[in-house]
Amino acid sequence: MITKRIIPCLDVKNGRVVKGVNFEGLSDVSSPVELAKYYSACGADELVFYDITASAEGRRLFSDILTETAKEVFIPLTVGGGINTLDDFDRVLKCGADKVSVNSGAIKNPQLIEDAAKRYGSQCVVLSADVKRVDGVFRVFAKGGRENTGMEAIEWIRSGVQRGAGEIVLNSIDTDGVKGGFDLEMLARVCEVVDVPVIASGGAGCIDDFITLFQTLPQVDAGLAASIFHFGEVKIRDLKQAMAAHGIPARL
Amino acid sequence: MVAIIDYGVGNLFSLRCSLEKLGADVVVTGDRKIIANADRVILPGVGAFRDARQKLRDTGLDTLVCDLAAKGKPILGICLGMQLLFEKSYEFGEYDGLGLLKGSVRPLRGVIPADYKIPQIGWNALRFRKESDLFRYIKNGDYVYFVHSFYAADCDDSLIADCEYGADVTAVVQKGNVYGCQFHQEKSGDVGLAILRAFCFEEAAV
């Protein structure tokens, strides 16, 4: 039976993990490579590296980090942030990424999804969408959630899958950072219109939020979070055990 | 020495790294002589069956792989590389494979219930069907990482493990010295590495 995936997300700036972490047995808390190894050993099913660097130097560092990680960590690795062209896809895939996540780059140029899916296969192309309710309508936001594109989100995601996206990361801006649970209403709407895996993001504050997510919406394939893992508020091993105890398929 | 066949299909970086991590002497190459001299050969692959088959044919590596298999050299196909070992594929048409294993590659669609997503992406448990030296360091029920829309059918002859995905889906095959895994060992954590270790080393050497 296929398991529900738990995915920690690491924001990387100038080659370092942005959010401070403090784990026992971890010598360098802001080293992406060390943290990736740690999460893999803890039972993370997959990792997301998000490059929030703007400079060329930072981008070069990010590529080095990726390469180092791929030499040490043998679980799927998704890379996002600053992916605007096929060359960007090429750069991170050569460094060991398995999947590439597009967000603002696809909003600027939706054809990017199609071109990338044709060249690398749909399984390689993840469409990540930052979505927020505006006057009761789900709207897509660009530039890290700062800019309302005015696009209706459900249709945007549906069309992205039609163009070839093989997976969806749905990040609810409304629940992100609130730690009150995933945005089940928004996720349910997306699951209705796509038949590719959907990864829930934004809002997880505790183990129960993941249990509620997978019990309420069995169509959701994975839960993604950052700070609750980084700060040790939720331990991946505990989370997996709780999932199994609730009858949710988990890789222990 | 383990040769990973490079025929222009897919990214071999992680696979090479995983073998290096195990301490294997590994080379990524399309050179016939080097492949022929290797102790073990890995046939990787992602993407479309037709393109991969064509590239193998264009490089003449298809006949080399078949010759080496006939001579008893251990050969491991991974993902699309496994699918290429079979007689036929019905992926967007009908194409001949290498024919080293009996059976054909067919779409998951129509075989599994409609509420199962395609591709199968994620970690699924192996169910051993026969004993194999590939399983030396892993146990029944261990999880491995799958990404695929097509699967090997009618392969009772070589099936040694499957997984449950709305149907019994072929996961590992073996016929003598010819092995294949549908999932990605190089992305399946410690379990994946343990399978690669079993392929790459004699028991005594570990």
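Novice: Which residues make up the overall build of chain B, and what values go with them?
Specialist: The secondary structure content of chain B amounts to six helices and 14 strands. Relative to its length of 206 residues, chain B is compact, with a C-alpha radius of gyration of 16 Å against a globular reference of 17 Å. Each principal axis of the C-alpha atoms in chain B carries an extent, and together these give about 45 × 35 × 30 Å. Split into buried and exposed, the 206 residues of chain B put 52% on the buried side. Considering only contacts within chain B whose residues lie at least 6 apart along the sequence, 67% involve residues at least 24 apart.

Novice: Go over the overall build of chain A with me, naming the residues and quoting the values.
Specialist: When helices and strands are tallied, chain A shows ten helices and eleven strands. The globule rule puts the C-alpha radius of gyration for 252 residues at 18 Å, and the 17 Å found for chain A is close to it. Projecting the C-alpha coordinates of chain A onto the three principal axes gives extents of approximately 45 × 45 × 35 Å. In chain A, which comprises 252 residues, the share counted as buried stands at 52%. The long-range share in chain A, meaning contacts at least 24 apart out of those at least 6 apart in sequence, stands at 65%.

Novice: Got a sec to walk through the sheet that holds strand S4 (residues 75-78) of chain B? Specific residues and values, please.
Specialist: Residue and element names in this part refer to chain B. Pairing is mixed across the open sheet formed by eight strands, whose spatial order is S2-S1-S3-S4-S14-S13-S12-S9. In this open sheet, the two edge strands, each paired with only one partner strand, are strand S2 (26-29) and strand S9 (127-128). The pairing of strand S3 (residues 40-43) with S4 spans three bridges and is parallel. When the sheet's bridge partners are listed, Ile42 is paired in S4 with Leu76. Sheet strands touched by helix H4 (residues 61-70): strand S1 (2-5), S3, S4 and strand S14 (178-181). Its angle to S4, the strand with the most contacts, is close to 130°.

Novice: Summarise the sheet that holds strand S6 (residues 95-96) of chain B; cite the residues concerned and give the values.
Specialist: Residues and elements named next belong to chain B. Spatially, the four strands line up as an open sheet ordered S6-S5-S7-S11, and their pairing is mixed. Two strands bound the open sheet, and with one partner strand each, they are S6 and strand S11 (150-153). Note: strand S5 (residues 86-89) against S6, two bridges, orientation antiparallel. Bridging across to S6, Ser89 finds its partner in Tyr95.

Novice: Any details on the interface of chain B and chain A? Residues and values, ideally.
Specialist: Of the residues lining the interface, 25 residues belong to chain B; the matching set on chain A comes to 24 residues. Among the elements of the structure, helix H1 (13-21), strand S8 (120-125), strand S10 (143-148) and helix H6 (189-200) of chain B are those that each provide at least two residues to the side of chain B that touches chain A. Per element, the largest residue contribution to the side of chain B that touches chain A is six residues, and it comes from S8(B). Partitioning the side of chain B that touches chain A into residue classes produces twelve nonpolar, nine polar and four charged.

Novice: Explain unusual backbone geometry to me, and be specific about the residues and the numbers.
Specialist: For the bond from Ile118(B) to Pro119(B), the omega torsion is 0°, close enough to zero to count as cis. Mapped onto the fold, Pro119(B) is located in the loop between strand S7 (101-107) and S8. Backbone geometry at Asp135(A) places phi at a positive 50°, although glycine is not the residue there. Summarising the element assignment, Asp135(A) is placed in the loop between strand S6 (125-134) and strand S7 (137-142). Although it is not a glycine, Asp154(B) adopts a positive phi angle of roughly 50°. Along the chain, Asp154(B) falls in the loop between S11 and strand S12 (159-164). A tally of 15 C-beta atoms within 10 Å means that Asp154(B) is categorised as partly exposed.

Novice: Provide a residue-level description of helix H6 (residues 153-163) of chain A, including the pertinent values.
Specialist: Residues and elements named next belong to chain A. Among the residues of H6, those classed as buried are Ala153, Ile157, Gly160, Val161 and Arg163. Axial view of H6: buried residues confined to an arc of 160°, hence all on one face. Within H6, the exposed residues directed more than 90 degrees away from the buried face are Glu155 and Gln162. At the C-terminal side of H6, Gly164 shows a positive phi close to 130°.

Novice: Please set out helix H7 (residues 184-193) of chain A residue by residue, giving values where relevant.
Specialist: Residues and elements named next belong to chain A. Of all the positions in H7, only Met186, Leu187 and Val190 are classed as buried. Projected onto a plane normal to the axis of H7, the buried residues spread over an arc of 95° and lie on a single side. If you follow the buried residues of H7, they end up packed against S6, S7, H6, strand S9 (167-172) and strand S10 (198-201).

Novice: How would you summarise the packing of helix H8 (residues 207-216) of chain A against helix H10 (residues 236-245) of chain A if you had to cite specific residues and measurements?
Specialist: All names here are of chain A. In the contact formed by H8 and H10, the axes pass within 10 Å of each other and the chain directions differ by 40°. Judged on the interaxial angle alone, H10 and H8 are oblique. As H8 runs across H10, the sense of the crossing is right-handed. Contacts between H8 and H10 pair Ile207, Phe210, Ile211 and Phe214 from the former with Asp238, Leu239, Ala242 and Met243 from the latter. Grouping the constituent residues of the contact of H8 with H10 by class yields seven nonpolar, no polar and one charged.

Novice: Break down the pairing of S6(A) for me, with residues and values.
Specialist: Residue and element names in this part refer to chain A. A large share of S6 lies buried, amounting to eight of its ten residues. Bridge analysis of S6 against S9 gives six bridges, and the strand direction is parallel. Across the sheet, the residue bridging to Ala129 is Leu170, located in S9. Here S6 pairs with S7 via five bridges, running antiparallel. Bridge assignment links Lys132 to a residue of S7, and that residue is Arg139.

About the thresholds
Sequence positions are assigned chain by chain, starting from 1 and proceeding in written order. Chains carry letters and ligands carry numbers; both start at the beginning, A for chains and 1 for ligands, and go up in the order they are written. Where totals are concerned, whole chains, interfaces and linings use all residues; where local detail is concerned, this predicted model gives features only for residues with pLDDT of at least 70, and gives and counts side-chain atom pairs only at 80 or more. Counting from the N terminus, the helices are the DSSP runs of H or I reaching at least four residues and the strands are the DSSP runs of E reaching at least two. The globule rule used for comparison is 2.2 Å times the number of residues to the exponent 0.38, while the radius of gyration itself is calculated over C-alpha atoms. Exposure is read from a count of other C-beta atoms within 10 Å of each residue's own; the residue is exposed at 12 or fewer, buried at 20 or more and partly exposed in between. C-beta atoms are placed from the backbone. We call two residues in contact if the C-beta atoms placed from their backbones are at most 7 Å apart. A strand pair is defined by DSSP finding two or more bridges across the two strands. Working convention: axes come from line fits to C-alpha atoms, limited for helices to the stretch in contact. Angles between N-to-C directions cover 0 to 180 degrees. In this classification, Asp, Glu, Lys and Arg are treated as charged, Ala, Val, Leu, Ile, Met, Phe, Trp, Tyr, Cys and Pro as nonpolar, and every other residue, Gly included, as polar. For this quantity, the arc is that covered by the directions from the helix axis to the C-beta atoms. Orientation categories follow fixed angle ranges, with anything under 35 degrees roughly parallel, anything over 145 roughly antiparallel, 65 to 115 roughly perpendicular, and all other angles oblique. If you view the pair so one helix is near and one far, a crossing is left-handed when the near helix is turned anticlockwise from the far one by less than a right angle, and right-handed when it is turned clockwise.

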